Amino acid sequence: LGHAAGDFVLEGAGRILREQLRTEDCAARIGGDEFLVIVVGRSDPKTLEAIAERIIARVSQPMDFEGQVCRVSASIGIVRSNDMQVPDPTQLLANADRALYAAKHAGRGRSVLLVSRGE
């Protein structure tokens, strides 16, 4: 449907992230259709997976753009900084990318929690 529809979907994804996160959390588009989310003070796997599932469910709802229905899906890679002995932002981002790749490999609309011990 073109660039305008793509922009519309990305704006919708950003809005969904703002709605699903708390004010102390952070969401940022890091390129293309990839977003980075920092959830402050939450490390319980079930809590993080529930947040991911809510985001996936919302993003999966059809979006109407100029009379056309846009259907998209989301894949989410999850890492926790407390799984690392010394949290390093570069390594955290690399681990998040690995988790995202694993989620995409598992199929559409999935999240994967990657536990990184001892890095």
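Before any of the text, the structure's been laid out above.
All of the points below concern the structure found in this document.

Parameters and conventions
Residues numbered from 1 in each chain as written. Predicted model: local features only at pLDDT ≥ 70, side-chain atom pairs only at ≥ 80, totals over all residues. Heavy atoms only, no water. Helix = DSSP H or I, 4+ residues; strand = E, 2+ residues; numbered from the N terminus. Buried < 20%, exposed > 50% of the residue type's maximum accessible area, 1.4 Å probe, protein only. Phe/Tyr/Trp six-rings, centres within 6.5 Å; stacked < 30°, edge-to-face > 60°. Pairing = 2+ DSSP bridges. Right-handed = clockwise from strand over helix to strand, strands pointing away.

**Here we look at the environment of Tyr101**
Reasoning step 1: Residue placement: Tyr101 occurs in helix H3 (residues 89-106).
Reasoning step 2: With a relative accessible area of 61%, Tyr101 lands in the exposed category.
Reasoning step 3: Sequence separation of Tyr101 and Ala57 is 44 residues, and the distance between their C-alpha atoms is 19 Å.

**Remarks on the packing of aromatic side chains**
Reasoning step 1: Following the criterion strictly, the structure yields one aromatic pair and no others.
Reasoning step 2: Here the aromatic rings of Phe8 and Phe65 are separated by 5.3 Å at their centres, their planes lie at 45 degrees, and the arrangement is tilted. With Phe8 in helix H1 (residues 3-20) and Phe65 in strand E3 (residues 63-65), this residue pair connects regions lying 57 residues apart in the sequence.
Reasoning step 3: Overall, Phe65 belongs to the buried group, its relative accessible area being 11%.

**Some thoughts on the pairing of strand E5 (residues 76-79)**
Reasoning step 1: Because side chains alternate across E5, one face comprises the buried residues Ile76 and Ile78, and the other comprises Gly77 and Val79, none of which is buried.
Reasoning step 2: Where E5 and strand E6 (residues 111-114) come together, four bridges link them in parallel fashion. Bridge pairing in E6 places Gly77 opposite Val112.
Reasoning step 3: For the crossover from E5 across H3 to E6, the handedness is left-handed.

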